[in-house]
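# Per-entry structural report
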Amino acid sequence: MAIDLKAVEQLATDQSSLKAAAGLAKPAKWSGVGASQDGALIWGECAGSGANPYRVMADLRDLGNKCTCPSRKFPCKHVLGLLWLNAEAIVPFVPAETPAWVSDWLGRRRGTSAAKPASNAPPAGDKDLRAARAPEPEVAEDPKDIARREAQAARRSEETERAILDALDALEQWIGDQLRLGLSGFIDDATARCRRIAARLVDGKAAVLAGRIDELPSRLLALAAGDRPRAAVVELGKLVLLARAFRAAPRDAEIRRAVAASETRETVLSDPQALRVDARWEVLAEQVQTRRDGLVSQTTWLLNLAPNGPRFAMLLDFFPASAGRRGSVFTPGDRFQAELVFYPSQQPLRALLVRRDASEETPALEWPAADTALGDALTRPLLAEPWVIEMPLLLPQGRIARDETGGAWWRAADGTATLPVAGNAEGLLAGTELMRTAAIWSGNRLTILAAQTSWGRIGSDE
């Protein structure tokens, strides 16, 4: 079963959707493309603006379709791109077992859900495949316009830098006030105090740092009462270090990312110097958290099973809480071959998914060698980024134990190290001999992501 491009043209709501679909009809944009045995269903994953690719599916029998992107157009450009790939056989749609996410969609479909051109869509004559395929003509720019634009950009950059420096001055004064007034009062009133200085930082264009301070009260309240004063001192000290690092090197991309704003996805993908790693990865866990600014952060932690390259990768995506819970394209424990591009950093961690091959059944693989010298593993990242909040670790053989107060601790098998664990660490994790443990160290507690035992893998929720 196949369709032709005329059907894609008729299905598009407007010329701009058709033009965008033409840009997506390229093999490099897609991964996991497949079709049902009878060819009626097709699917694929398309790289989007977030860390996770969009899952796209279509039923060629009636052109019903679905995409996980937030577009208000139906069908969206990703669906049109998938249909375009199929119509021109740009990539092979190899018959395969229908993924669960496609089967779930198919089971929820109603008889009236078949895709039809919108009643308010422009007539087909207003949409032109040839125009959609045609490259945009290059227009020679006036050198005076270029010089004027560059001067304006330089002026805006200087104004932004000055605004950030002024905001950092206010931050350091605020930190001094908290220490002078006493940590007990700060911890009791942390939410209101942090919200006020965060608003000042937003005004000063230090939005990332503002978000970090806005989330500080929730991090403190997650700790035992006796641990909060020390954690507050450590966090305030890190903020001072970050502020002074920015003053010393305001154009440093890594420091600017921690204070003001991160590079766009397009900037990272187009950077020829960006670190790219093609390896086999295992999904350790996914963390979903609603932030105080109304956004939901969706963090997926991956472990590199190859001996070379960064050991961990963090895929980070944000979406409005009003959009509801998003379905994930990852399942803890899954293993797949993929290419990732990392944001520039002395300690590469945050990454974008460039290409992901279909998951395959493979023999159980041992995780890489663990951090046996835990002292070095805990301090090495701080030498590069002393203001870092969390760092992933791969711990050696050990167990989760409890003390008389009910607290949970990870203890190395050789007795050389003991680290407190966040939460109760119940279930299979408690008491099991853990050959390797992937966790996040926040400076106060370990958050277990997953562990490998002699008989299998354990997730943090098992």
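Residues numbered from 1 in each chain as written. Predicted model: local features only at pLDDT ≥ 70, side-chain atom pairs only at ≥ 80, totals over all residues. Heavy atoms only, no water.

We now examine the pattern of salt bridges. Counted under the stated rule, the structure contains 22 salt bridges. Among the ionic pairs, Arg61 bridges to Asp59, the shortest N-O distance being 2.9 Å. A relative accessible area of 3% means that Asp59 is categorised as buried. As a salt-bridge pair, Arg399 and Glu433 come within 2.7 Å of each other at their nearest N and O atoms. Of the two residues, Arg399 is situated in strand S11 (residues 398-402) and Glu433 in the loop between strand S13 (418-421) and strand S14 (436-441); the sequence distance between them amounts to 34 residues. According to the relative accessible area criterion, Arg399 is partly exposed, its value standing at 38%. Here the salt bridges do not stand alone but share partners, grouping Asp169, Glu172, Arg244 and Arg247 into one network. (Salt bridge = Lys/Arg side-chain N within 4 Å of Asp/Glu carboxyl O. Buried < 20%, exposed > 50% of the residue type's maximum accessible area, 1.4 Å probe, protein only. Helix = DSSP H or I, 4+ residues; strand = E, 2+ residues; numbered from the N terminus.)

If you look at the biggest cluster of nonpolar residues, it comprises 35 residues, and the most contacted ones within it are Leu171, Trp174, Phe186, Leu201, Leu209 and Ile213. The set of elements that each furnish at least two residues to this core consists of helix H6 (143-181), helix H7 (183-188), helix H8 (190-203), helix H9 (207-214), helix H10 (216-221), helix H11 (228-248) and helix H12 (253-259). Per-element tally for this core: the top contributor is H11, with nine residues. The residues touching Ile213, leaving out its near neighbours within four places in the chain, are Leu171, Cys194, Ile197, Leu201 and Leu239. In this structure, Ala35, Cys69, Val79 and Val91 belong to the second largest nonpolar core, which totals 31 residues. (Core = buried A, V, L, I, M, F, W, Y, C linked by side-chain atoms within 4.5 Å. Contact = heavy atoms within 4.5 Å.)

Aromatic rings considered in pairs are described by the distance between their centres and by the relative angle of their planes. Under the defined criterion, the tally for this structure stands at three aromatic pairs. Between the aromatic rings of Trp281 and Phe342, the centroid separation amounts to 6.5 Å while the plane-to-plane angle is 45°, which identifies the pairing as tilted. In this pair, Trp281 sits in strand S5 (residues 276-290) while Phe342 sits in strand S8 (residues 335-342), placing the two residues 61 residues apart along the sequence. One exposure class covers both Trp281 and Phe342, and it is buried. Across from the ring centre of Tyr343, 4.4 Å away, lies the NZ or CZ of Arg350, which sits over that ring. It is Arg356 that lies over the ring of Phe336; its NZ or CZ is 4.4 Å from the centre. (Phe/Tyr/Trp six-rings, centres within 6.5 Å; stacked < 30°, edge-to-face > 60°. Lys NZ or Arg CZ within 6 Å of the ring centre and 35° of its normal.)

Our focus in this paragraph is the environment of Asn444. Along the chain, the position of Asn444 falls in the loop between S14 and strand S15 (446-453). Separated by 216 residues in the primary sequence, Asn444 and Arg228 have C-alpha atoms spaced 9.6 Å apart. Excluding residues within four positions of it along the chain, Asn444 makes contact with Leu223, Arg230, Ala231 and Pro420. Reaching out from Asn444, the side chain makes a polar contact with the side chain of Arg230 at a distance of 2.9 Å. (Polar contact = N/O pair within 3.5 Å; in protein donor to acceptor, adjacent residues only side chain to side chain.)

Moving on to the sheet that holds strand S3 (residues 54-59). Spatially, S1-S2-S3-S4 is the arrangement adopted by the four strands of the open sheet, whose pairing is antiparallel. A single partner strand is all that each edge strand has here, and the edge strands are strand S1 (30-35) and strand S4 (64-67). For this sheet, the mean angle separating the axes of adjacent strands, direction not counted, is 10°. Of the pairings in the sheet, the one linking S1 to strand S2 (residues 41-46) comprises four bridges and is antiparallel in character. Bridge pairing links Trp30 to Cys46 in S2. (Pairing = 2+ DSSP bridges. Axes fitted to C-alpha atoms, helices over the stretch in contact; angles between N-to-C directions.)

What follows covers the packing of H6 against H8. Between H6 and H8, the least distance of the axes is 9 Å, while the angle of their chain directions is 165°. Classed by the angle they form, the pair H6 and H8 counts as roughly antiparallel. As H6 packs across H8, the resulting crossing turns out to be right-handed. Residue-level inspection shows Asp166, Ala167, Ala170, Leu171, Trp174, Gln178 and Leu181 of H6 in contact with H8, the latter providing Arg193, Cys194, Ile197, Arg200 and Leu201. For the contact of H6 with H8, the residue count by class is eight nonpolar, one polar and three charged. (Parallel < 35°, antiparallel > 145°, perpendicular 65-115°, else oblique. Left-handed = near helix turned anticlockwise from the far one by under 90°. Nonpolar A, V, L, I, M, F, W, Y, C, P; charged D, E, K, R; others polar.)

What follows deals with unusual backbone geometry. At the junction of Phe74 and Pro75, the peptide bond is cis and its omega measures out at 0° in the coordinates. Mapped onto the elements of the fold, Pro75 is located in the loop between S4 and helix H3 (77-87). Phi at Ala89 is positive, roughly 50°, even though this residue is not glycine. Tracing the chain through its elements places Ala89 in the loop between H3 and helix H4 (100-108). With relative accessibility at 58%, the residue Ala89 sits in the exposed group. Even without a glycine there, the phi angle at Lys205 is positive, about 65°. Tracing the chain through its elements places Lys205 in the loop between H8 and H9. Its relative accessible area of 44% is what places Lys205 among the partly exposed residues.

The relative placement of two packed helices comes down to the angle between their axes together with the axis-to-axis distance. Contact geometry for H6 and H11: axes closest at 10 Å, N-to-C directions at 155°. Here H6 is positioned roughly antiparallel relative to H11, judged by the angle of their axes. The handedness of the crossing between H6 and H11 is left-handed. Across the interface between the two elements, Ile164, Leu165, Leu168, Asp169, Glu172, Trp174, Ile175 and Leu179 from H6 touch Leu236, Leu239, Val240, Ala243, Arg244, Phe246 and Arg247 from H11. Looking at side-chain class alone, the contact of H6 with H11 contains eleven nonpolar, no polar and four charged residues.

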